[in-house]
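In case you want the letters, here they are:
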Amino acid sequence: MTKFGLAQPVRRVEDPRLLKGNGRYTDDYHPEGTTYGLVLRSPHAAARIRSIDTAAAKAIPGVLAIYTHADLAADNIGALPCAIPLKNRDGSPRFDTHHAVLAGEAVRHVGDPVAFIVATTTQAARDGAEAVLVDYETLPAVVDPLHAMDSGQPLVWPGAANNVCFDWEVGDKAKTDALFAKAAHVTTLDIINNRIVVSSMEARAALAEYDATTSRWTLTTNTQGGWIIKSLLGDAVFKTGAESFRVITPDVGGGFGMKLFLYAEHALTCYAARKLNRPVKWTSERSEAFLCDTQGRANATRGELAIDAEGRFLALRTRNIADMGAYLSTFAPFIPTGAGTKVLASVYGIQSIYANVIGVLTNTVPVDAYRGAGRPESNYLVERLIDAAARELKIDRVELRKRNMVQPSAMPYRSAMGQMYDSGDFGRVMDAALAKMDYAGFPARRAEAARRGKRRGIGMAYYLEATGGAPSERAEIRFAEDGFVDVYVGTQSTGQGHETAYVMLTADKLGIDGDKIRILQGDTDTIPTGGGTGGARSLYSEGQAILATTATVIERGRKAASEALEAAPTDIEFEAGRFSITGTDRGIDIIELAATQRRRAQAGEDVTTLDAAEVAQIDNHTFPNGCHMAEVEVDPETGTLALLRYIVCDDVGKAVNPMIVRGQVHGGVAQGFGQAILESTVYDPASGQLVSGSFMDYALPRAYDLPDIEVELIEVPCTSNPLGVKGAGEAGAVGSPPAMINALLDALATEGVTQIDMPATPERVWQAIALAHAA
């Protein structure tokens, strides 16, 4: 691998293992004596629990134990905490939902955990669950966040007036209002950012083991970083301290934000393992995942864009109703507030922004981060608003964007949301996308489609991402006795290709063949700290930690080489994996040197070894950006849409491995397409039941829905980190929804359609055409 170096399209080193079926996921672990847990869940969206009778269930052969809220309360088990403090506009703290591990007096959404059955087999656990008798008093439920605040609606929580759990604001309201007052034009748009079922390929799972001699748990579970799970379990739930837990994360089949969080099943398996002194495993079934995995998006937003007489953006004002579901998940309040609003200025020179975000509780599955985590929602609003403004002002949508883009000469640039953009050449990236899409030739293609009775449209969206995550990251390099170099990282791959990128970085700096490097992750005992993976942070944060650690290894190597070669450290140089004495042919390979020094240290000599660990402080985040363009064709008779072509021109800074970057963009675009056109999470307003509760009713994109996604990388190096990289993991999902809907509305312009919400299913498209014609 070393012959390629950085910025080359190296094939992923983890793929042969995974494609041959040698990956090992949580459900593949079966320690001796494993028992099997099943969660009995509420069939009601809102109900009081009058009583729970477990006597008959406990008598079923194979059932070992059945736990309810009363059992956990007797053992002082705490609630699942929300880790985000938040202040309301009036300075008061947000409302806190007491999220018990098992529901006590009431259930608040279909799927709320009520009891945990542990048995010797999964079938015995199912039989036990069916025999548990729960007496419910059903109550009225509210599932629509737009109406949850209305007078007379049932309260999800008695203490949350009008079902509001927070009312938050950011920005200069007075300045924004003043700019609106002098605006020549104001464009107003109401949009829905539809709720998403995350649908990772691998379902969630947890396997807990308890060692009574050390009073420690080992929890094997598919996470995006075990350190937050360890901390919350130890400090908040079991109150034994974080060091009581070891969290092991093996291979993970997709996360997309959903596997970041602490769930009831983490606590339940650990609780049962301690009570039974046996391993306890729980694995979600797909239908169960629809009811217990956090979901995404679920925003209803009004945006207003103030524009002057020259078509310059003056100010932006937003009011966002964010559905939190029935409980505040681990990071939920942060997603529509601090995470989402920081990119509202996008790539445009908007002078002032004011945003009001209202968190609303409903009798639905909790909502938390989903790929992009607030930034797709904000970018969708801004790009939809700009297209609407262009139509109203009769200004070309490309020209309107270019007129308002921040110029490269303005970098570094502080946006109206206080974000410092270190780099960016937005106009150049947009021009590349227009040329690649043959934007100038589109009228001819539209006319040809019209002759066939079809409506063709072209849409664009310029997105800006702001990466996030923990403020530091750790790497450790150990030279193993078998001749390999082990790199311990604090991030967590869930399928992105981390191993390949980290091998490339390490090989490049240490001059070691990539085949001799192993990337180790996911064990909180062997890796004491880590920020995990989320917010597209992995490469720029872990990459900086690897750079710092390799630099320390080389520095230690110079000293070690001076000892081994009997020369002064200042006379030692390092190049291509070899330490040598300057001006001579005397030298030693880095792996040979490490082995020599290790043997001498083991023999009791006072020598310098090469192993090293460093923590990098991540002082600045990055701002990947790019232009998405979609060309679609609509059949006005049926409302069906065909995506004919999709191109992306992305600035992700320096691309360490362009092949992996393109793969990440492909996946993100597919998810964004799914949200825009197909994926509809529907709750029955009367019963609160999830109507789209399986893949029979919830449509995911398939291969035939998408053309080849063309990705061009335009490198504008990031100046705030030594690698010059910007995050790429979420970018595809940020730009694709507005590009798709803008393309659809462009296609329907001749039909008189100016507004449609996601998902734009054939039925909705046909209805929009029919309503426009009727008007």
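Before going into details, it helps to say that this report is about the structure given with it. (Residues numbered from 1 in each chain as written. Predicted model: local features only at pLDDT ≥ 70, side-chain atom pairs only at ≥ 80, totals over all residues. Heavy atoms only, no water.)

1. Observations concerning the overall build of the chain
Here is step 1: Secondary structure assignment for the chain yields 20 helices and 28 strands.
Here is step 2: Relative to the compact-globule value of 28 Å for 775 residues, the chain shows a C-alpha radius of gyration of 28 Å, a close match.
Here is step 3: Across its three principal axes, the chain shows a C-alpha extent of roughly 90 × 75 × 50 Å.
Here is step 4: Put simply, the chain has 775 residues, and 59% of those count as buried. (Helix = DSSP H or I, 4+ residues; strand = E, 2+ residues; numbered from the N terminus. Rg over C-alpha atoms; globule rule 2.2 N^0.38 Å. Buried < 20%, exposed > 50% of the residue type's maximum accessible area, 1.4 Å probe, protein only.)

2. Comments concerning the nonpolar core
Here is step 1: Among the nonpolar cores identified, the biggest contains 86 residues, and Tyr-348, Tyr-462, Met-629, Tyr-646 and Met-740 are the most heavily contacted of them.
Here is step 2: The contacts of Met-629, once residues within four sequence positions are left out, are Ala-433, Leu-434, Met-437, Tyr-439, Ile-458, Gly-459, Met-460, Arg-645, Tyr-646 and Ile-647.
Here is step 3: Counting residues in hydrophobic clusters, the runner-up holds 42 residues, among them Ala-475, Leu-510, Ile-512 and Leu-593. (Core = buried A, V, L, I, M, F, W, Y, C linked by side-chain atoms within 4.5 Å. Contact = heavy atoms within 4.5 Å.)

3. Looking at empty space enclosed by the protein
Here is step 1: Taken as a whole and assessed by the stated rule, the structure comprises six cavities of 30 Å³ or more.
Here is step 2: What lines the largest cavity is a set of 23 residues, and nearest its centre among them are Leu-80, His-99, Tyr-263, Cys-292 and Pro-366.
Here is step 3: Its residues placed into classes, the lining of the largest cavity shows twelve nonpolar, six polar and five charged.
Here is step 4: In terms of lining, the second largest cavity is formed by 16 residues, of which the most central are Asn-299, Thr-301, Asn-320, Glu-377 and Ser-378.
Here is step 5: Broken down by secondary-structure element, the contributors of at least two residues to the lining of the second largest cavity are strand S8 (185-193), strand S13 (299-307), strand S14 (313-325), helix H10 (335-341), strand S15 (352-361) and helix H11 (375-393).
Here is step 6: Of the residues contributing to the lining of the second largest cavity, the split by class is six nonpolar, nine polar and one charged. (1 Å grid on protein atoms, 1.4 Å probe; cavity = no way out; pocket = protein on both sides within 12 Å on 5 of 7 lines; lining within 4 Å. Points joined across faces, edges and corners; volume = space filled by probe spheres on them. Nonpolar A, V, L, I, M, F, W, Y, C, P; charged D, E, K, R; others polar.)

4. Here's the deal with the pattern of salt bridges
Here is step 1: With the rule as written, the count across this model stands at 56 salt bridges.
Here is step 2: We note a salt bridge from Glu-633 to Arg-452, for which the minimum N-O separation is 2.7 Å. Here Arg-452 lies in the loop between helix H14 (442-451) and strand S18 (455-464) and Glu-633 lies in strand S26 (residues 625-634), a separation of 181 residues in the sequence.
Here is step 3: Classification of Glu-633 by relative accessible area gives buried; the value is 11%. (Salt bridge = Lys/Arg side-chain N within 4 Å of Asp/Glu carboxyl O.)

5. Looking at unusual backbone geometry
Here is step 1: Cis rather than trans, the peptide bond between Met-411 and Pro-412 has omega equal to -5°.
Here is step 2: Along the chain, Pro-412 falls in the loop between helix H12 (397-404) and strand S16 (413-414).
Here is step 3: For the peptide bond that leads from Met-758 to Pro-759, omega is -10°, which places it in the cis range.
Here is step 4: On the secondary structure map, Pro-759 appears in the loop between helix H19 (731-747) and helix H20 (762-774).

6. A few points about the state of the cysteines
Here is step 1: Per the stated rule, a full pass over the model turns up zero disulfides.
Here is step 2: Residue Cys-165 stays outside any disulfide, its sulfur separated by 8.8 Å from that of Cys-82, the closest cysteine.
Here is step 3: Cys-270 carries a free sulfur, and the closest cysteine sulfur to it, the one in Cys-292, is 16 Å from it.
Here is step 4: On the basis of relative accessibility, which here comes to 0%, the residue Cys-270 falls in the buried class. (Disulfide = S-S within 2.5 Å.)

In short, shape yes, function no, at least from these values alone.
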